[in-house]
Amino acid sequence: MHTSAPSPFPSSTFSSSVITRRRALAGALAALAAANATARDSAPAYPSGVIRIVVPTSAGGSVDSTGRLLAEALAKPLAAKIVVENKAGAGGLIGIDSVIKSPADGHTLALGIAATLSVQPSVRSQLPYSATRDLAPIAVFAQGGLVIAVPASSPVHTVQDLKALAKTRGELSFGTGGQATFGHLTGEVIAHALGIGMRHIPYRGAAPAVTDLAGGLLDLAIPDAFSAAPQVQAGKLRVIAIAGPDRHPTFAQVPTLAESGIPFDRGTWLGLFAPAATPAPVLEQLTAALRQLSASREFQDSVARLGFTPVFIAPDAVRQMLAREIAAWQAVARQAHIQLD
């Protein structure tokens, strides 16, 4: 008859050892949880000071006005003082670069716009940063589109009428708010689709382009709706199409380029961005505040008065949109041989 060898450890000792280890593990886990709670409690509250929103355009115009509207409206849900700082230059690159190089603590943010974050990467191969890698989207809160405008005295009433005018003049002149801007590339899309010659006249902003168009110095211009509206209301300009995915609320009766036979579905937009290394809890707090604000009827009405459609596009969707738009504009820039470096 086989007898099992006796255990070298008494059963009572073995049980005590197991219980001791379990208690030690439980104590370690409790200590870790307490440490994490203490770390959370000791983390500085956000915001802990003044928040700056850098607007990458000069003061005045629809982008700057919308940035100031956002700063004023967002101050309440964040319980913070928010100031706007205009940093124009190089198609908005100077302002965006300054935000990326700022401390990633949520106190320096960028008003990102399609012209700067989607268009500029398509025409510059030597950017000092990557819009998709170095910025964290908080949300896009406004969308819009540029307008295709002609002098009120022009024989052009539709985009297709530009072909007949080009036959008589050989080449049409079109003004925009600057070289390699959203308006510039949109004009190149129109010229290619219609098979006509169009000479680009870049201005330092939309306002002077609109002024020269009203004075008959240009055949057409591609400004934002906010800049064109006063001259349209004064009877000096006529809008013949909207460069955006949808009709514009200010000119609801005017067709989009797509409706006019031009394959085009991109629009302008405005969103809030932070340096990519900004802590996730801060980004989440900012997104939640902007989501809450975007649901406010008062804020929606204010955005609409500035010529934009109020929306809320969450961070992940913004990242996807940026990647799609950069690729699409790169194709247009290659086709039109537009390269700034």
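Use the structure listed above.
Residues numbered from 1 in each chain as written. Predicted model: local features only at pLDDT ≥ 70, side-chain atom pairs only at ≥ 80, totals over all residues. Heavy atoms only, no water.

Visitor: How do you make sense of the sheet that holds strand S3 (residues 108–113) when you look at a structure like this?
Guide: Within a beta sheet, neighbouring strands are joined by backbone hydrogen bonds and run either parallel or antiparallel to one another. Strand order in this open sheet of six strands is S2-S1-S3-S10-S4-S11, and the pairing throughout is mixed. Taken across any chain shown, the strands that pair with only one partner, and hence form the sheet edges, are strand S2 (82–86) and strand S11 (309–313). Across the sheet, the axes of successive neighbouring strands diverge by a mean angle of 25°, strand direction being ignored. Note that S3 and strand S10 (residues 268–275) share four bridges and pair antiparallel. (Pairing = 2+ DSSP bridges. Helix = DSSP H or I, 4+ residues; strand = E, 2+ residues; numbered from the N terminus. Axes fitted to C-alpha atoms, helices over the stretch in contact; angles between N-to-C directions.)

Visitor: Help me understand unusual backbone geometry in this model?
Guide: Of all residues except glycine, most have a negative phi; of all peptide bonds, most are trans. The omega torsion across tyrosine 46 and proline 47 is -5°, close enough to zero to call that bond cis. Although it is not a glycine, alanine 90 sits at a positive phi angle of roughly 55°. For alanine 90, the position within the fold is in the loop between S2 and helix H3 (93–100). Overall, the relative accessible area of 38% leaves alanine 90 in the partly exposed class. Of note, histidine 337 is a non-glycine position whose phi angle comes to about 60°, a positive value. Note that histidine 337 resides in the segment after helix H12 (315–336). (Buried < 20%, exposed > 50% of the residue type's maximum accessible area, 1.4 Å probe, protein only.)

Visitor: Can you walk me through the packing of helix H2 (residues 61–78) against helix H11 (residues 297–305) in this structure?
Guide: When two helices pack together, their arrangement is given by the angle between the helix axes and by the axis-to-axis distance. Look at H2 against H11: their axes get within 11 Å of each other, and the N-to-C directions meet at 170°. Viewed along their axes, H2 and H11 adopt a mutual orientation that is roughly antiparallel. Counting all contacts with H2, which are made through Leu69, Leu70 and Ala73, the residues of H11 involved are Phe299, Ser302 and Val303. A class-by-class count of the residues in the contact of H2 with H11 yields five nonpolar, one polar and no charged. (Parallel < 35°, antiparallel > 145°, perpendicular 65-115°, else oblique. Contact = heavy atoms within 4.5 Å. Nonpolar A, V, L, I, M, F, W, Y, C, P; charged D, E, K, R; others polar.)

Visitor: What is the right way to look at the layout of surface pockets in this model?
Guide: Leftover empty space is mapped by rolling, across the atoms, a probe with the size of a water molecule. Taken as a whole, the largest pocket spans an internal volume of roughly 1,100 Å³. For the largest pocket, the lining is made up of 43 residues, of which Thr57, Gly177, Thr181, Gly205 and Ala206 are closest to its centre. Contributions of two or more residues to the lining of the largest pocket are made by H2, helix H4 (114–123), helix H7 (182–194), helix H8 (206–214) and S10. (1 Å grid on protein atoms, 1.4 Å probe; cavity = no way out; pocket = protein on both sides within 12 Å on 5 of 7 lines; lining within 4 Å. Points joined across faces, edges and corners; volume = space filled by probe spheres on them.)

Visitor: I tried to follow H3 on my own but got confused; where do I start?
Guide: Count 3.6 residues to each turn of an α-helix, and residues three or four apart come out pointing the same way. The element H3 is extensively covered by neighbouring structure, given that seven of its eight residues are classed as buried. Restricting attention to buried positions, one finds in H3 the residues Leu93, Gly95, Ile96, Asp97, Ser98, Val99 and Ile100. Its buried side turned inward, H3 meets strand S1 (51–55), S3, H4, helix H5 (131–134), strand S4 (135–144) and S10.

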